[in-house]
Amino acid sequence: MKRLYLFGAGGHGRELAWLAEDVTDGDVDLVFLVDESRYLGAALNGIPIKLIQEEKFQPDSEFLVAIGDPTLRRKAASMFPDSLRAATLVHPSVLRSSRTHVADGVVLCAGTILTDNVSIGQHTHVNVACTISHDVVLGKFVTLSPGVHIAGNVNVEDEVFIGIGATIISGSLGRPLIIGKGSVV
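Residues numbered from 1 in each chain as written. Predicted model: local features only at pLDDT ≥ 70, side-chain atom pairs only at ≥ 80, totals over all residues. Heavy atoms only, no water.

Participant: Explain the side chain of Ser 61 to me, please; I cannot follow it from the model alone.
Facilitator: You can see Ser 61 is positioned in the loop between β3 (49-51) and β4 (62-65). There is a polar contact of 2.8 Å between the side chain of Ser 61 and the backbone oxygen of Gln 58. Every residue in contact with Ser 61, bar those within four places of it in the chain, is listed here: Arg 3, Tyr 5, Leu 84 and Arg 85. (Helix = DSSP H or I, 4+ residues; strand = E, 2+ residues; numbered from the N terminus. Polar contact = N/O pair within 3.5 Å; in protein donor to acceptor, adjacent residues only side chain to side chain. Contact = heavy atoms within 4.5 Å.)

This is the structure:
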């Protein structure tokens, strides 16, 4: 049974734990990690909570940063040793083209649709019921909240947060709509 470390034990952490259990049919050893002792407590939904600074990472383990804020997710990802690989979680109901590129650390939640020539950067989280149309590039550490819809020819740069239900209009071939690094929509 492979161990998966989830940094963050809040609501997003519990959602990613559920997704990991669903994707693996429960065949995963989950551990929540936090960086401050004030977040320690009893096991959460049966999953232990430990301090990252005190954890002796098991070989062949993987990690995900379960924090919605893109800037904090980037900071937390840098706390893991290089020997650990960032996991990628894709819910079985996700529909995607074979020409979609998904990097390490990406989370694709239930009901997501990715059409043609979509690229998703490291540690990007696409929450439930999002649609991403053709020729969209999502940078690293991007957060799409539930129900986000992005039309074609859009570039979302690193560390962008797009809020629940947002609809992003399309760019055009050769002139994509660009959402700049660190933007909040």
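There's plenty left to go through after this.
Participant: In this structure, what is going on with the packing of aromatic side chains? I would like to understand it.
Facilitator: Working definition: an aromatic ring pair is given by the centre-to-centre distance plus the angle between the planes. Counted according to the given criterion, the structure contains four aromatic pairs. Centroid distance Phe 7 to Phe 80: 6.5 Å. Interplanar angle 85°. Geometry classified as edge-to-face. Here Phe 80 lies in the loop between α2 (70-77) and β5 (85-86) and Phe 7 lies in strand β1 (residues 2-7), a separation of 73 residues in the sequence. Phe 80 shares its class with Phe 7; the two are buried. Overall, Phe 80 belongs to the buried group, its relative accessible area being 6%. Taken together, the ring pairs in this structure connect Tyr 5, Phe 7, Phe 57, Phe 63 and Phe 80 into an aromatic cluster. (Phe/Tyr/Trp six-rings, centres within 6.5 Å; stacked < 30°, edge-to-face > 60°. Buried < 20%, exposed > 50% of the residue type's maximum accessible area, 1.4 Å probe, protein only.)

Participant: What's the story with the side chain of Thr 112 in this structure? I'm lost.
Facilitator: Turning to its location among the elements, Thr 112 is positioned in the loop between β9 (107-108) and β10 (113-114). Judged by relative accessible area, Thr 112 falls into the buried class, the value being 0%. Here the side chain of Thr 112 touches Asn 127 through a polar contact of 3.3 Å, landing on its backbone oxygen. Apart from residues lying up to four places away in sequence, Thr 112 is in contact with Ser 93, Val 94, Leu 95, Val 126, Asn 127, Ala 129 and Cys 130.

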